Amino acid sequence: MQQRSTHSEESLQPAVTTPQYESHVENSKGPLKVTQEAVEAYEKRTGFYGIGRIMVEDGHWLIVTKEELARSRAQEQTSHTMMSRQRGLA
């Protein structure tokens, strides 16, 4: 004799309680620009020496000078302000 299930097929699916995110999302802006001093400070604070080399080799970080970093941030700020004005936000 076959028993009827009181549960629908939908209730047998596991409940998703957290949003699903892409496990690997490429940054459209490219690698994160960091200074050598920032990498050294991070390595010292975390104790994970060599992380800078690994992140650069994998293409996640790009080592730049302080001047290059300041210039790129100024360009990003200008670009963001222009986009905000076009959208009527600024």
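Just so you know, these numbers come straight off a predicted model, no measurement behind them. (Residues numbered from 1 in each chain as written. Predicted model: local features only at pLDDT ≥ 70, side-chain atom pairs only at ≥ 80, totals over all residues. Heavy atoms only, no water.)

Here's the deal with the overall build of the protein
Stage number 1. Summing up its helical and strand segments, the protein has four helices and two strands in all.
Stage number 2. Reading the protein from its N terminus to its C terminus gives the helix and strand order α-β-α-α-β-α.
Stage number 3. Within the protein, buried positions represent 13% of all 90 residues.
Stage number 4. A separation of at least 24 residues holds for 62% of the contacts in the protein among residues at least 6 apart in sequence.
Stage number 5. Accessible surface, the protein: about 8600 Å² in total, of which carbon and sulfur atoms supply 51%. (Helix = DSSP H or I, 4+ residues; strand = E, 2+ residues; numbered from the N terminus. Buried < 20%, exposed > 50% of the residue type's maximum accessible area, 1.4 Å probe, protein only. Contact = heavy atoms within 4.5 Å. Areas by Shrake-Rupley, 256 points an atom, 1.4 Å probe, with all protein chains shown as cover.)

Observations concerning the packing of aromatic side chains
Stage number 1. Counted according to the given criterion, the structure contains one aromatic pair.
Stage number 2. Between Tyr 42 and Trp 61, the aromatic rings sit 6.2 Å apart at their centres with planes inclined by 80 degrees, giving edge-to-face as the arrangement. Residue Tyr 42 is found in helix H2 (residues 36-46), and its partner Trp 61 is found in strand E2 (residues 61-63); the two are separated by 19 residues along the sequence.
Stage number 3. We classify Tyr 42 as partly exposed; its relative accessible area is 33%.
Stage number 4. The class for Trp 61 is buried, based on a relative accessible area of 15%. (Phe/Tyr/Trp six-rings, centres within 6.5 Å; stacked < 30°, edge-to-face > 60°.)

Side note on the side chain of Thr 35
Stage number 1. Structurally, Thr 35 can be placed in the loop between strand E1 (32-34) and H2.
Stage number 2. Apart from the residues within four sequence positions on either side, Thr 35 is in contact with Val 64, Thr 65, Lys 66 and Leu 69.

A closer look at the pattern of salt bridges
Stage number 1. This model, assessed by the stated rule, comprises one salt bridge.
Stage number 2. A salt bridge links Glu 57 to Arg 53, with the nearest nitrogen and oxygen atoms 3.6 Å apart. With a gap of four residues between them, Glu 57 and Arg 53 both fall in helix H3 (residues 51-57), about one helical turn apart.
Stage number 3. You can call Glu 57 exposed: its relative accessible area is 57%.
Stage number 4. Judged by its relative accessible area of 52%, Arg 53 falls in the exposed class. (Salt bridge = Lys/Arg side-chain N within 4 Å of Asp/Glu carboxyl O.)

Observations concerning the side chain of Glu 43
Stage number 1. As for its placement among the helices and strands, Glu 43 is situated in helix H2.
Stage number 2. There is no salt bridge for the buried Glu 43, and the closest opposite charge comes from Arg 53, which lies 7.5 Å off by N-O distance.
Stage number 3. Among the polar contacts listed, one links the side chain of Glu 43 to the backbone nitrogen of Gly 52, at a separation of 3.1 Å. (Lys, Arg positive; Asp, Glu negative; His and termini not counted. Polar contact = N/O pair within 3.5 Å; in protein donor to acceptor, adjacent residues only side chain to side chain.)

As for the environment of Tyr 49
Stage number 1. Note that Tyr 49 resides in the loop between H2 and H3.
Stage number 2. Residue Tyr 49 is classed as exposed on the basis of its relative accessible area, which comes to 55%.
Stage number 3. Separated by ten residues in sequence, Tyr 49 and Val 39 have C-alpha atoms that sit 9.4 Å apart.

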